[in-house]
Amino acid sequence: TNEGGYISWYEFTKEIFRQGLEMGHKEYAPDRLNVVPVTTEEYGRSKAKRPFNSRLDKSKLVKNGFVPLPHWKDALERYLKEIEF
């Protein structure tokens, strides 16, 4: 996974729309689109059993010489440009 710390799906979605607006997609402007965070309870139960908090610890990768990936916002920006978002 990319660097940049833990984020929620809500924060990820907000960043997608922020970058989309920056790329000229006016339909993603905050006055035209409202992203509302929801709790797991509000969303509903998933068929898949998942731990409440499953953050990934990558410290052993770095200790073993792996180079960290770029920040997730940078990776998202490159991806959106690649798919001509």
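Keep in mind the model is a prediction, meaning the values are calculated, not measured.

Visitor: How would you sum up the packing of helix H1 (residues 9–22) against helix H4 (residues 72–82)? Please name residues and give values.
Guide: Remark: H1 packs on H4, axes separated minimally by 11 Å, with the N-to-C direction vectors making an angle of 50°. One way to sum up the angle between H1 and H4 is to call them oblique. Here the hand of the crossing between H1 and H4 comes out right-handed. Judged by residue contacts, Glu-11, Phe-12, Glu-15, Ile-16 and Gln-19 of H1 engage Trp-72, Lys-73, Leu-76, Glu-77 and Leu-80 from H4. Residues that form the contact of H1 with H4 fall into these classes: five nonpolar, one polar and four charged.

Visitor: Any chance you could break down the side chain of Glu-15 for me, citing the residues and the numbers?
Guide: Residue position: Glu-15 is located in helix H1. Residue contacts for Glu-15: discarding those within four places in its chain leaves Trp-72, Lys-73 and Leu-76.

Parameters and conventions
- Residues numbered from 1 in each chain as written.
- Predicted model: local features only at pLDDT ≥ 70, side-chain atom pairs only at ≥ 80, totals over all residues.
- Heavy atoms only, no water.
- Axes fitted to C-alpha atoms, helices over the stretch in contact; angles between N-to-C directions.
- Helix = DSSP H or I, 4+ residues; strand = E, 2+ residues; numbered from the N terminus.
- Parallel < 35°, antiparallel > 145°, perpendicular 65-115°, else oblique.
- Left-handed = near helix turned anticlockwise from the far one by under 90°.
- Contact = heavy atoms within 4.5 Å.
- Nonpolar A, V, L, I, M, F, W, Y, C, P; charged D, E, K, R; others polar.

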